[in-house]
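Descriptive structure summary
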Amino acid sequence: MKALRIGLLALLLLTACSAPTAAPQVTPLAATQPTPAAPQPGQGGLLACVPAAPDAWQEGEIFAFAAAFYSSTDSSGFYMLDPGRDPRAALDAQGCFQFDNLPPHEYVLVIGPRPEQGRLVAGEDGRPRIFSVTADETLQPEALSLLP
C-alpha cells in the first residue's frame, strides 16, 4: 500500500513539473439550417426559421401552419386556417421548420402551439407575409419575424 502511495505521489510530481501544453483549439460551430428535402414532383417546399418563436411560447410544442392565401385584384385578399386540413410542421429548438410537399399556391404562415394561439409571420411592411410556393422548388427565406 505504501508503494502505491509513493508511486501516485511521484506521478503527481512528474505531471506538475512537466511543460504546460497549449489549450485545445475550440472551433465554434457555424449556425446550421436544416438541409431542405426535395419535394415530390409537382409540389413545392418551404424551409425557414422564426428565431423568436421558442421565446414567445416557452412550453409545449410549437408549429408552423400553412394557410392558403386567396388574393384579389387590388392586392388584398384573405386566408382561412383549417387545422384539420391545412399542413403543419413542428419547429425545432432554434425555431426552424420545413414543409416538404406543398401544392403550388400562395400561403401565409401562422406560428404557435395551436392556431388560435398563433401569430402571423410578418412581412417587411408590417403586414402578413405571403409566400409563393412553386412546383419543384423549396423556398428558403431569411430569418422570419412575427406580427405582434
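For the structure, check the block above.
A few points on the structure. As the structure is a prediction and not an experimental result, all values here were calculated from the model. (Residues numbered from 1 in each chain as written. Predicted model: local features only at pLDDT ≥ 70, side-chain atom pairs only at ≥ 80, totals over all residues. Heavy atoms only, no water.)

1. Considerations on the nonpolar core
Rule in force here: Note on terminology: a nonpolar core comprises buried Ala, Val, Leu, Ile, Met, Phe, Trp, Tyr and Cys residues joined through side-chain atoms within 4.5 Å. Each residue is assigned to one of three classes by its accessible area relative to the maximum for its type, calculated with a 1.4 Å probe on protein chains only: buried under 20%, partly exposed between the two thresholds, exposed over 50%. Only runs of H or I of at least four residues qualify as helices and only runs of E of at least two qualify as strands under DSSP, and these elements are numbered from the N terminus.
Phe 97, Phe 99, Leu 109, Ile 111 and Leu 144 are the most contacted members of the largest nonpolar core, which totals 21 residues. The set of elements that each furnish at least two residues to this core consists of strand E1 (44-49), strand E2 (63-71), strand E5 (96-102), strand E6 (105-112) and strand E8 (131-133). Listed in part, the 10 residues of the second largest apolar core include Ala 67, Leu 81, Val 108 and Leu 147.

2. Considering the pairing of strand E7 (residues 119-122)
Stated formally: Pairing between strands is defined by DSSP: at least two bridges between the two strands are required.
Across two bridges, the pairing between E6 and E7 is antiparallel. Its bridge partner being in E7, Val 110 is matched across the sheet by Leu 120. Where E6 folds back on E7, the antiparallel hairpin that results is connected by six residues. Note that E7 and strand E10 (residues 145-146) share two bridges and pair antiparallel. When the sheet's bridge partners are listed, Ala 122 is paired in E10 with Ser 145.

3. Some words on unusual backbone geometry
Notably, Asp 136 is not glycine yet its phi reads approximately 65°, a positive angle. Structurally, Asp 136 is set in the loop between E8 and strand E9 (138-139).

Geometric values such as these leave the question of function open.
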